[in-house]
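Summary of structural features
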Amino acid sequence: MQVPQIALLLVQLAVMASQALEMGYYAATCPDAEAIVRQTMERQHYNDPTLAPAIIRMLFHDCFVRGCDASVMIVPTRTRSSERVAIPNQTLRGFNAVDAIKRALESACPRTVSCADALALMARDAVALLGGNPYDVPLGRRDGLQSNPWEVDLPPPFARLDDALRAFAARGFSSEETVVLFGAHTVGGAHCSSFRSRLTNPDGIMDERLRCDMLDTCGAADLPLDKDPVPFLDPDTPFVVDNNYYAQLMSNKTLLQVDQEAATHHATAAHVAYYAASPDAFMQRFSEVMAKLSNVGVLEGDAGEVRKVCSKYNTD
Ligand code: HEM
């Protein structure tokens, strides 16, 4: 078995076993933990509305690799690499916000609240700040002791949908749940590099007006990431969790190729049409499936550690 397969198997086993998270886990040891996260998220959100989408994406990137164990937060050192160097993680943002929240948690209750729990709460608060439905987050996750770039097997934006569906199924998500999670692309932005090839080599699917507009915005030539424009994924309401994204898929007005395929694929097209027509159902399911995402492959009990600083293991 290859190393990524073994890591995935461990995640699958942990998904099955992760029934021990609890509501009120910090009631005795850090009663204000949830309020501290919420207040800090609120403050940061009003300074920078692009943070909340970034945190939702960070949760996905963390939970998909080794489960929700904050492995995505580890900064590489001279001697030890980490998930942060893998290509899909090079455009993750929001690490400073995680650090700020962790500092606030550490000053209220040292060495108590894990970074994995902090991120799960931050993502829940991000959804609510963007107008999504509130949901409960049972707590008790522990932080991982491994973070390896070669284990990052997140689907790329040009993946075939079949491959992406397989990746989600391996973590316990049905096609319907995968379509609901794709709905996160109703907020935030994407660097042109993740869809420029659709502009320069037209696939005959992308709406021609959108293609021309994006070609104006992005240009045809590759740019370094820090110079690459970041258009909104849902330009109508980029900071609102709503079902707009599905209507955009159905009118071929979406940026990422893998998303576009969901509009016509036999396993997903009916779900896309349903959520395009059913805003309330989407809002409810989005929160339910985000809650499920927050529980993938968590470490519990004595496994792992509670990091003091989210970007570093407690001991090297
Ligand atoms: C096959 C699955 C997926 C692919 C290929 C994919 C790919 C991408 C790409 C390429 C971007 C643009 C990043 C950038 O250039 O800065 C992006 C943004 C984003 N993704 Fe996904 N994604 C997937 C699934 C998900 C899921 C499951 C979630 C959350 C539940 C999610 C949440 C987001 C959010 C919120 C953004 C905007 C981030 C920001 O504004 O910084 N994505 N995604």
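Look a little higher up for the structure.
Rules used throughout
- Residues numbered from 1 in each chain as written.
- Predicted model: local features only at pLDDT ≥ 70, side-chain atom pairs only at ≥ 80, totals over all residues.
- Heavy atoms only, no water.
- Axes fitted to C-alpha atoms, helices over the stretch in contact; angles between N-to-C directions.
- Helix = DSSP H or I, 4+ residues; strand = E, 2+ residues; numbered from the N terminus.
- Parallel < 35°, antiparallel > 145°, perpendicular 65-115°, else oblique.
- Contact = heavy atoms within 4.5 Å.
- Nonpolar A, V, L, I, M, F, W, Y, C, P; charged D, E, K, R; others polar.
- Disulfide = S-S within 2.5 Å.
- Buried < 20%, exposed > 50% of the residue type's maximum accessible area, 1.4 Å probe, protein only.
- Donors = N, O, S within 2.8 Å, 3.2 Å for Na, K, Ca; no water.
- Core = buried A, V, L, I, M, F, W, Y, C linked by side-chain atoms within 4.5 Å.
- Domains from an automatic or database assignment.

1. Topic: the packing of helix α12 (residues 269–277) against helix α13 (residues 279–293)
Relative to each other, α12 and α13 sit at 110°, their axes nearing to 5 Å. When the axes of α12 and α13 are compared, the pair comes out roughly perpendicular. Residues Tyr274, Tyr275 and Ala277 of α12 form the contact with α13, whose own contacting residues are Pro279, Ala281, Phe282 and Arg285. For the contact of α12 with α13, the residue count by class is six nonpolar, no polar and one charged.

2. Structural notes on the state of the cysteines
Throughout the structure, instances matching the rule amount to four disulfides. A disulfide bridge connects cysteine 63 with cysteine 68, and the sulfur atoms are separated by 2.1 Å. Note on the cysteine 63 and cysteine 68 pair: the S-S dihedral is about 120°, so by sign convention the disulfide is right-handed. What makes cysteine 63 buried here is its relative accessible area of 0%. Here cysteine 192 is linked by a disulfide to cysteine 218, with a sulfur-sulfur distance of 2.1 Å. Because the torsion about its S-S bond is -70°, the bridge between cysteine 192 and cysteine 218 counts as left-handed. Pair noted here: cysteine 192 is in the loop between α7 (175–182) and α8 (196–200) and cysteine 218 is in helix α9 (residues 208–218), with a separation of 26 residues, a long-range link. Judged by its relative accessible area of 0%, cysteine 192 is buried. For cysteine 218, a relative accessible area of 4% puts it in the buried group. Here the bonded cysteines of the protein are numbered in sequence order, and their pairing is 1-4, 2-3, 5-8, 6-7.

3. Let's talk about the coordination of the iron atom of the ligand
With respect to protein ligation, the iron atom of the ligand binds only His185 (NE2), at 2.1 Å. Here histidine 185 is to be found in the loop between α7 and α8.

4. Some thoughts on the nonpolar core
Of all hydrophobic cores here, the largest spans 77 residues; its most connected members are Ile55, Met73 and Met290. For this core, the element with the most residues is helix α5 (residues 115–129), which contributes ten residues. Two domains each provide a minimum of three residues to this core, namely domain 1 (3–154) and domain 2 (161–291). Excluding residues within four positions of it along the chain, methionine 73 makes contact with Arg84, Phe95, Val98, Cys115, Leu119, Arg307, Cys310 and Ser311. Counting residues in hydrophobic clusters, the runner-up holds eleven residues, among them Ala190, Met206, Leu210 and Cys218.

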